[in-house]
Every structure is written in C-alpha cells, then in structure tokens.
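The residues making up each chain are set out below.
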Amino acid sequence: MIHTYSPTIRRKEMEAVLTCMVDEKIGPGDMNTKLIQTAKELMGFDGAVALRSPAIAFEYIFKALDFPKDGAVIFSALAPAYQVLTVEKLGYKVLFADVSEDTGLVTLESVQDCIKEGGRLLVFTESMGILPDIKAFLELGIPVVEDISQSALASYPLEENEETKKAEAQKKSQDAAVAQTQTEEEEVLGKKAGLYGVYTILGMEEHDIVTAGGGALLIAPCRKEWTVLKHIAEEAPFTDSMTDMNAALAYVELKEFARNEKTRRELFALYSRAVMSGRHKTFTRGENGLSTIYSFPLVLNSGFKDAKAYAQKKNIEIRQAYENSIIALRQEEIAKRCICANSLLLRCAAFPLYPRLGQKDAAQIVKVLSTLL
C-alpha cells in the first residue's frame, strides 16, 4: 500500500539522531541552538525558540502579546483542530472564518466579518503551502500570527522597493560572479513566508513539511517581538524546549529542504498534468512557482468514498485533506457559517506526494489520477 503521508528519513537523518544517542545528549542542548541558527539563515527572522509542541507555542504567543481575555481569536475553519482546542483551554473566545474554494485559505471578507464580531487576532494557517495576499490581511489593523507548518520556506514575489534596495546593494558588490548569482536568485524571491506576522509558528509534527517527530519553532520576525519572546523563553522551564534528538532530525530536514522540494515539485507537475483534462481540480497557486509543495490536494467533483475505494483497489491510500481540521471537529457547529470549508472537508482528497516515492509508485498514482471518474 502506498500511504498518503510518509516522513522523509534517510541515512543523514538517522545518523544525526543516532549521534545524539551515542553522545548521550537527548535533552535540550546544542542541537536545539543549531536548528534555530539554520532556520534563521534560511528565512531571515530575528529570533526563535524551539519548543516541544505547537500548543506550547500558542501559550508563549498570548503571553508575549499580553492578549486581553475579552479579545476573540480568528481561525480558518480548515486550520488544525489542536489550535482551537489549545486557545480555548487558555480561556479565549474563538471565531471561525470561511475559506476560498480555489485556494483553501481564509477570505478577506470572512475575516472582516469576524472582526465585526470582536475578533482581535488572526491566526493565518497557510495550508497546502499556498501563500495569501498577506498585505491585505495586515491592513485590517489586527495582529496576525502566521502558521507556516505547511508553507515553510515558500517565498513572496519581490516588491518594488525590495527590488530597488537589492539592485543598489548589487552595484556595490566587488565580486562579479557572486553578484551574478545573487541577481539570478533575487529576481524572483522576496520575503519568506512567516516574516509578516507578529509571531510565526513552524510546526514540526509528523505530517508537517519539516518534521522533528514533534515540536515547533516559534519565530519572532522582528527585533521588538524577539526581545519580548526571548525574555519569556529565558524564564520558562526546560521542559518546554525541544530535545536535541528531535532538533537533530529537523536540522537535517532543513538542510535537505531544497533537495526534497525539488522532488516534490517534479511530482506535483506530473500529478497536475494527469488531472488537467479531468473533472477534478487542485488548488490555484501563484504563477511564479514560489509556494511550497506540501501535498497534492484534489478537489473532487464526485464523492470522496468512491475515489478512496477506487484508489485503494490500485493499492493507493488517499485521505481527506482536512480530516484533522477545526471544521472536522466542529462540523455541526460551524458548517452553516463556513460553507466552502465544509465543502472542502467533504470533497478534498490528499494524494501521496513525498520525496521517498519511487518512480513505480509515482507512475501508479499518475495513472489513478488520470482515470479517476
């Protein structure tokens, strides 16, 4: 059976974890620090802490923001269910925003409605690696927390002022070869996902794009927020911190991210061509190709059960793409309010897409996608 999800664990990942065990360094330590530094180099944020779970990250965020108890928190109805459960345990009111059927991301109109109902903080889940028009949400006037657990290292297009700054920097460069390389890369790459919110959660659970087998990076993009977060982290118990064994796995996956993403993109292109002439469709992504390929979500024009049964006959496991979402947990409560999210819960299937898929398995999945009725 070809499973829907599979962690990318090769020899490098195994050796990194084994080294921690041999050195008897399995608690929080140097590898934790190394993971943060690597993520900082790749993304460009000001500071971060590595924690044992994304749920703990939420506790730190609300403390750092000194968020009032009478302020409601806005979530996408397709966000992971743990988020709303965690925030409710902390004593906050929650509101749910509906999504676009074309992207699976919350709509501006739905968030605006939530603000009218008392929403004072938006947790923006960038599901399936797809990036929003983030500036439009920032202009709503409430803090935004980004969840990049599925969109890590995705990039926004360069803005005009960024292009000008980088062009000036390149003119000062004395190394022509280096300048040429930078130009080629920077023509398309802008700020990374996660650098727009007041804080950002990069979950590293089993099915996240980067996995530590459990844990999260809580990122402060700017110095002001990092100063507050650093103070909180320094006073926190060590049991909140990610262990070196988990950090070692995540560290190698970050170092290997570009290699793995190249494979994911190749698979995504094959799958996309396979469904191009069919009745089913995948989500709309920016034409610039800067989003992260997390999975292959297919919005079905027929019932999920039929598609699942057909794939299973071909030895392929497919699952509901949002089976662990808020709306899956609270369907009766919010389905009427979040019509598009409920539709995607019922009709969006996740097909296997991960670097360890062999050519034979990939070909089998392409065949199923192209013949799915």
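Anything mentioned here points back to the structure above.
Conventions and cut-offs
- Residues numbered from 1 in each chain as written.
- Predicted model: local features only at pLDDT ≥ 70, side-chain atom pairs only at ≥ 80, totals over all residues.
- Heavy atoms only, no water.
- Salt bridge = Lys/Arg side-chain N within 4 Å of Asp/Glu carboxyl O.
- Helix = DSSP H or I, 4+ residues; strand = E, 2+ residues; numbered from the N terminus.
- Buried < 20%, exposed > 50% of the residue type's maximum accessible area, 1.4 Å probe, protein only.
- Pairing = 2+ DSSP bridges.
- Axes fitted to C-alpha atoms, helices over the stretch in contact; angles between N-to-C directions.
- Contact = heavy atoms within 4.5 Å.
- Phe/Tyr/Trp six-rings, centres within 6.5 Å; stacked < 30°, edge-to-face > 60°.
- Core = buried A, V, L, I, M, F, W, Y, C linked by side-chain atoms within 4.5 Å.
- Patch = residues over 30% accessible without salt bridge, like charges linked within 9 Å, V, L, I, M, F, W, Y side chains within 5 Å.
- Areas by Shrake-Rupley, 256 points an atom, 1.4 Å probe, with all protein chains shown as cover.
- Parallel < 35°, antiparallel > 145°, perpendicular 65-115°, else oblique.
- Left-handed = near helix turned anticlockwise from the far one by under 90°.
- Nonpolar A, V, L, I, M, F, W, Y, C, P; charged D, E, K, R; others polar.

**Structural notes on the pattern of salt bridges**
Opposite charge on two side chains lets them pair, provided their charged atoms get close.
So, point 1. Applying the stated criterion across every chain yields a total of eleven salt bridges.
So, point 2. Among the ionic pairs, K281 bridges to D102, the shortest N-O distance being 3.7 Å. With a gap of 179 residues between them, K281 in the loop between α11 (257–275) and β8 (296–299) and D102 in the loop between β3 (94–97) and α5 (108–116) connect regions that are remote in the sequence.
So, point 3. Take K281: its relative accessible area is 40%, and that puts it in the partly exposed class.
So, point 4. Each of K12, E256 and R259 takes part in salt bridges that share partners, so that together they form one network.

**Description of the sheet that holds strand β4 (residues 119–125)**
So, point 1. Read across the open sheet, the seven strands follow the order β1-β7-β6-β5-β4-β2-β3; overall the sheet is mixed. Both outer strands of the open sheet, β1 (47–51) and β3, are each paired with one neighbouring strand and no more. Recorded for the sheet is a direction-independent mean angle of 20° between the axes of neighbouring strands.
So, point 2. Where strand β2 (residues 72–76) meets β3, four bridges bridge the pair, whose relative direction is parallel. Residue pairing in the sheet places I74 in a bridge with L95 of β3.
So, point 3. Across the sheet, α5 touches β2, β3 and β4, and the angle it forms with β3 is around 155°.

**Considerations on the packing of aromatic side chains**
So, point 1. Enumeration according to the criterion identifies ten aromatic pairs in this entry.
So, point 2. With centroids separated by 4.5 Å and ring planes inclined at 20°, the aromatic side chains of F62 and Y92 adopt a geometry described as stacked. Residue F62 is found in helix α3 (residues 54–65), and its partner Y92 is found in the loop between α4 (81–89) and β3; the two are separated by 30 residues along the sequence.
So, point 3. Ring centres of F268 and F296 lie 5.3 Å apart, and the angle between their planes is 65°; this geometry places the pair in the edge-to-face category. With F268 in helix α11 and F296 in strand β8, this pair connects stretches of sequence that are 28 residues apart. For the pair F268 and F296, a shared accessibility class is recorded, and that class is buried.

**Quick look at the nonpolar core**
So, point 1. By size, the foremost hydrophobic cluster in this structure holds 97 residues, and its most contacted members are L35, V73, F75, M204, L217, L218 and Y322.
So, point 2. The greatest single-element share of this core, amounting to seven residues, is contributed by α3.
So, point 3. Once you skip the residues sitting within four places of it in the chain, M204 turns out to touch L35, V210, T211, A212, G213, G214, G215, A216, L217, M242 and A250.

**Considerations on the environment of L372**
So, point 1. Within the element layout of this structure, L372 appears in the segment after α16 (359–371).
So, point 2. Among all residues touching L372, those that are not within four sequence positions of it are H280, L298, L300, A307, Y310 and F351.

**A look at a nonpolar patch on the surface**
So, point 1. Taken together, the side chains of L18, M21, V22 and I26 make up a nonpolar region of the molecular surface, amounting to roughly 400 Å² of accessible area.
So, point 2. Here I26 falls in the partly exposed class, since its relative accessible area comes to 46%.

**Some thoughts on the pairing of β8**
For a regular strand, the rule is simple: side chains alternate between the two faces of the sheet.
So, point 1. Burial of the side chains of β8 extends over both faces: F296 and L298 are buried on one face and P297 and V299 on the other.
So, point 2. As judged from the four bridges shared by β8 and strand β10 (residues 348–351), these two strands associate in the antiparallel manner. Looking across to β10, one finds that P297 is bridged to A350.

**Description of the sheet that holds β8**
Sheet strands pair via backbone hydrogen bonds, and the direction of the pair is either parallel or antiparallel.
So, point 1. Judged by pairing direction, the sheet is antiparallel, and its three strands sit side by side in the order β8-β10-β9 without closing on themselves. Where the open sheet ends on each side, the last strands, each with one partner, are β8 and β9 (319–320).
So, point 2. Contacting β8, β9 and β10, helix α15 (residues 339–347) crosses the sheet at an angle of about 45° to β10.

**Remarks on the packing of α3 against α4**
So, point 1. For the pair α3 and α4, interaxial distance at closest approach is 10 Å and the crossing angle is 45°. Comparing their axes, α4 and α3 come out oblique. Regarding α3 and α4, the two cross each other, and that crossing is right-handed. Within the contact between the two elements, α3 uses P54, A55, F58 and F62 and α4 uses Y82, Q83, T86 and V87.
So, point 2. For the contact of α3 with α4, the class distribution of residues is six nonpolar, two polar and no charged.

**Considering unusual backbone geometry**
Excluding glycine, residues mostly carry a negative phi; peptide bonds, for their part, are mostly trans.
So, point 1. Phi angles above zero are rare outside glycine, and D66 is one such case at about 50°.
So, point 2. Within the fold, D66 resides in the loop between α3 and β2.
So, point 3. Accessibility expressed as a relative area gives 65% for D66, which makes it exposed.
So, point 4. Despite not being glycine, M128 shows a phi value in the positive range, around 60°.
So, point 5. The topology assignment puts M128 in the loop between β4 and α6 (134–138).
So, point 6. What makes M128 buried here is its relative accessible area of 2%.

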